[in-house]
Amino acid sequence: MRYSGLKVITEGLFGNKGWKPAWRDAAPKAEYDAIIIGGGGHGLSTAYYLAKNHGMTNIAVLEKGYLGSGNIGRNTTIVRANYYMPGNSEFYSHSLKLWEGLEAELNYNVMHSQRGQLILAHSDGQRDTLARRGNAMINQGDDAELWTLDQVKEFAPYLDYAQTRFPIYGGLMHKRGGTARHDAVAWGYARGADQRGVDLIQNCEVTGIDIENGVVKGVQTTRGAIRAKKVGMVVAGRSSQVAAMAGMRLPIESHVLQAFVTEGLKPVIDSIISFGMGHFYISQSDKGGLVFGGDLDFYASYAARGNLPMVEHVMEAAMTLMPMIGRAKVLRSWGGIMDMSVDGSPIIDKTHIDGLFVDAGWNYGGFKAVPASGWCMAHLMATGESHEVARRFRLDRFRTGHVMDEEGTGSQHNLH
Ligand SMILES: Cc1cc2nc3c(=O)[nH]c(=O)nc-3n(C[C@H](O)[C@H](O)[C@H](O)COP(=O)(O)OP(=O)(O)OC[C@H]3O[C@@H](n4cnc5c(N)ncnc54)[C@H](O)[C@@H]3O)c2cc1C
């Protein structure tokens, strides 16, 4: 079924009885050409591009819960291409270009809104660093503007310009940055993959990986054994656990990251604002809620919920930056399990086991990576070669020392 404005109107007129499920509820077959473990954003986009770009349709996505139940439906939805380091820079640039055509590509409204991201500078040194980051972004072909204090004041009059502890000196505006509706991205890719014949199998947890003589043969699941010539581990916060099924120890720790949303308010914040002196960023959803987040809870955990000290820390940062937020009521908060790599950059690579691939280490920035990660993982699984924009996301860089130490969220790289 093709979605369109006309379809919405005609369905509305006739009682909305003609809508069909967006994907089939597939049962597992005994064998596939390829299996993707994990039905999050990255797993679904990998399946979609395997089918679309490489013509591989005898594939299955195995998801232990329901599609979109992981971090793809828990993040704060920020999409940007403002990374500094070679490797990350070209990858996220490619991803943003894919985002810009995604709704037309998927025939699905993912509510991608390029409302701009402004990172604030609170010292001369920080402004210099933002200038350097902006130059790197422009060199990569993306957009960046170094804004003066007056420009920032005009754009975001609700910030506290009178405070002396963290005075605002200016900022870096990335106008093509923005937000998207997170779970719609999973649903859009799921629908697109299903239309191309991919089996999306929910409530199917992978419990073991079958390997014979160094070659992957398939997986064990809660719905039986499934054979496959190629297996991709795309399980974000569970990467270490799934890799352990293949006897691998990844350079990844799982940590909790929390997010918060307030009651719906009239439009007040029409972009994304990132505080330069603490890990705090905020935007406003289309429903009116202020959506914001901060730092990790800083302990390894598989519990998808956080603790109060980080709640307090995030609220303090919010009040420092924009005291008006103290009048808003926080409605909900939640946590997600982040696959934190040692250098803050991802891994898209083969493993030492023939036919077994890994896509992991997305830290707290993997939502924006969903299109390019799927694109590059599909390329790797189909051709056996790394895609050119993901060439540096090698697993062995932690052994050889070619790490890419980039936080990518604040004003200063190399401070991960
Ligand atoms: C609070 C929060 C805020 C964030 N904000 C942003 C942001 O603003 N911008 C940004 O770019 N990124 C952000 N992120 C990060 C981003 O959400 C993640 O990096 C990204 O979603 C991870 O990839 P994924 O979508 O594939 O993960 P997931 O959706 O977690 O997918 C992994 C899937 O694997 C499944 N799985 C695990 N083990 C198994 C198994 N054994 N068998 C079968 N299935 C299995 C899980 O159930 C899950 O559905 C944020 C994350 C959080 C938690």
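Note that the structure is predicted; figures quoted are calculated from it, not measured.

Novice: Provide a residue-level description of the overall build of the chain, including the pertinent values.
Specialist: In terms of regular secondary structure, the chain is built from eleven helices and 18 strands. Relative to the globule expectation of 22 Å for 416 residues, the C-alpha radius of gyration of the chain, 21 Å, shows essentially globular dimensions. Considering only C-alpha atoms, the chain reaches an extent of 65 × 65 × 40 Å along its principal axes. Of all 416 residues assigned to the chain, the portion counted as buried reaches 56%.

Novice: Account for helix α9 (residues 308-321), naming residues and giving values.
Specialist: Across its 14 residues, α9 extends 20 Å between first and last C-alpha, which sits within 8% of the 20 Å expected from 1.5 Å per residue. Looking at the packing, one finds that the buried side of α9 touches β4 (117-121), β12 (252-264), β13 (272-274) and β15 (289-300).

Novice: Give me the lowdown on the site of the ligand, citing residues and values where you can.
Specialist: In the region of the ligand, 38 residues are neighbours, and Glu-63, Asn-71, Ile-72, Thr-76 and Lys-368 sit closest. Between the ligand and the protein, one listed contact pairs an oxygen atom with a side-chain N or O atom of Asn-75 at 3.4 Å. In this structure, Ile-78 approaches the ligand through a main-chain N or O atom, which is 3.0 Å from a nitrogen atom. About the coverage of the ligand: the protein hides 96% of its 1000 Å² of free accessible area. Of all the secondary-structure elements, those providing two or more residues to the shell around the ligand are α2 (41-54), β12 and β16 (330-341). No other element matches the three residues that β12 contributes to the shell around the ligand.

Novice: So what about the pairing of β12? Which residues, and what values?
Specialist: Taken across its 13 residues, β12 has ten buried, putting it largely inside the fold. Where β12 meets β16, eleven bridges bridge the pair, whose relative direction is antiparallel. Across the sheet, Thr-262 pairs through a bridge with Val-330, a residue of β16. In this structure, β12 lies alongside β15, joined through six bridges in antiparallel fashion. What sits directly across from His-255, in β15, is Ala-300.

Novice: Can you break down a nonpolar patch on the surface residue by residue, with the values?
Specialist: A grouping of Met-1, Val-8 and Trp-19 is seen on the molecular surface, where their side chains present a nonpolar patch of about 260 Å² in accessible area. Following the sequence through the fold, Trp-19 ends up in the loop between α1 (5-13) and β1 (31-37). Classification of Trp-19 by relative accessible area gives partly exposed; the value is 34%.

Novice: How would you summarise the confidence of the model for the chain if you had to cite specific residues and measurements?
Specialist: Residues with a pLDDT of 70 or more make up 98% of the chain, whose mean pLDDT is 95. Low confidence marks residues 408-416, where pLDDT is under 50. Its contacts with residues over four positions away, or in another chain, come to 33 contacts.

Novice: An account of the packing of helix α3 (residues 88-100) against helix α10 (residues 370-383) is requested, with residue identities and associated values reported.
Specialist: Between α3 and α10, the shortest axis-to-axis distance is 7 Å and the interhelical angle comes to 110°. With respect to α10, the axis of α3 lies roughly perpendicular. Contact residues: α3 offers Phe-91, His-94, Ser-95, Leu-98 and Trp-99, while α10 offers Val-370, Pro-371, Ala-372, Ser-373, Trp-375 and Cys-376. Grouping the amino acids of the contact of α3 with α10 by side-chain chemistry returns eight nonpolar, three polar and no charged.

Novice: Talk me through the packing of aromatic side chains; I want residue IDs and the actual numbers.
Specialist: This structure, assessed with the given rule, holds 15 aromatic pairs. Seen from their ring centres, Phe-91 and Phe-393 are 4.9 Å apart, and the 70° between their planes marks the pair as edge-to-face. Highlighted residues: Phe-91 in helix α3 and Phe-393 in the loop between α10 and α11 (397-400), separated in sequence by 302 residues. Assigned by exposure class, Phe-91 and Phe-393 land together as buried. Within the aromatic cluster, the residues linked to one another by ring pairs are Tyr-83, Phe-91, Tyr-92, Trp-362 and Phe-393.

Novice: An account of the nonpolar core is needed here, citing residue identities and associated values.
Specialist: In this structure, Leu-44, Phe-91, Trp-99, Tyr-189, Val-198, Leu-200 and Ile-348 are the most contacted members of the largest nonpolar core, which totals 52 residues. If you tally residues by element for this core, the top one is α10, at seven residues. Beyond its immediate stretch of four places on either side in the chain, Phe-91 contacts Ile-348, Trp-362, Ala-369, Ala-372, Ser-373, Cys-376, Val-389, Ala-390 and Phe-393. Of all hydrophobic cores here, the second largest spans 29 residues; its members include Cys-204, Leu-250, Ile-252 and Val-358.

Thresholds applied
Residues numbered from 1 in each chain as written. Predicted model: local features only at pLDDT ≥ 70, side-chain atom pairs only at ≥ 80, totals over all residues. Heavy atoms only, no water. Helix = DSSP H or I, 4+ residues; strand = E, 2+ residues; numbered from the N terminus. Rg over C-alpha atoms; globule rule 2.2 N^0.38 Å. Buried < 20%, exposed > 50% of the residue type's maximum accessible area, 1.4 Å probe, protein only. Expected span 1.5 Å × (residues − 1). Contact = heavy atoms within 4.5 Å. Near = heavy atom within 4 Å. Polar contact = N/O pair within 3.5 Å; in protein donor to acceptor, adjacent residues only side chain to side chain. Areas by Shrake-Rupley, 256 points an atom, 1.4 Å probe, with all protein chains shown as cover. Pairing = 2+ DSSP bridges. Patch = residues over 30% accessible without salt bridge, like charges linked within 9 Å, V, L, I, M, F, W, Y side chains within 5 Å. Salt bridge = Lys/Arg side-chain N within 4 Å of Asp/Glu carboxyl O. pLDDT = per-residue confidence, 0-100. Axes fitted to C-alpha atoms, helices over the stretch in contact; angles between N-to-C directions. Parallel < 35°, antiparallel > 145°, perpendicular 65-115°, else oblique. Nonpolar A, V, L, I, M, F, W, Y, C, P; charged D, E, K, R; others polar. Phe/Tyr/Trp six-rings, centres within 6.5 Å; stacked < 30°, edge-to-face > 60°. Core = buried A, V, L, I, M, F, W, Y, C linked by side-chain atoms within 4.5 Å.

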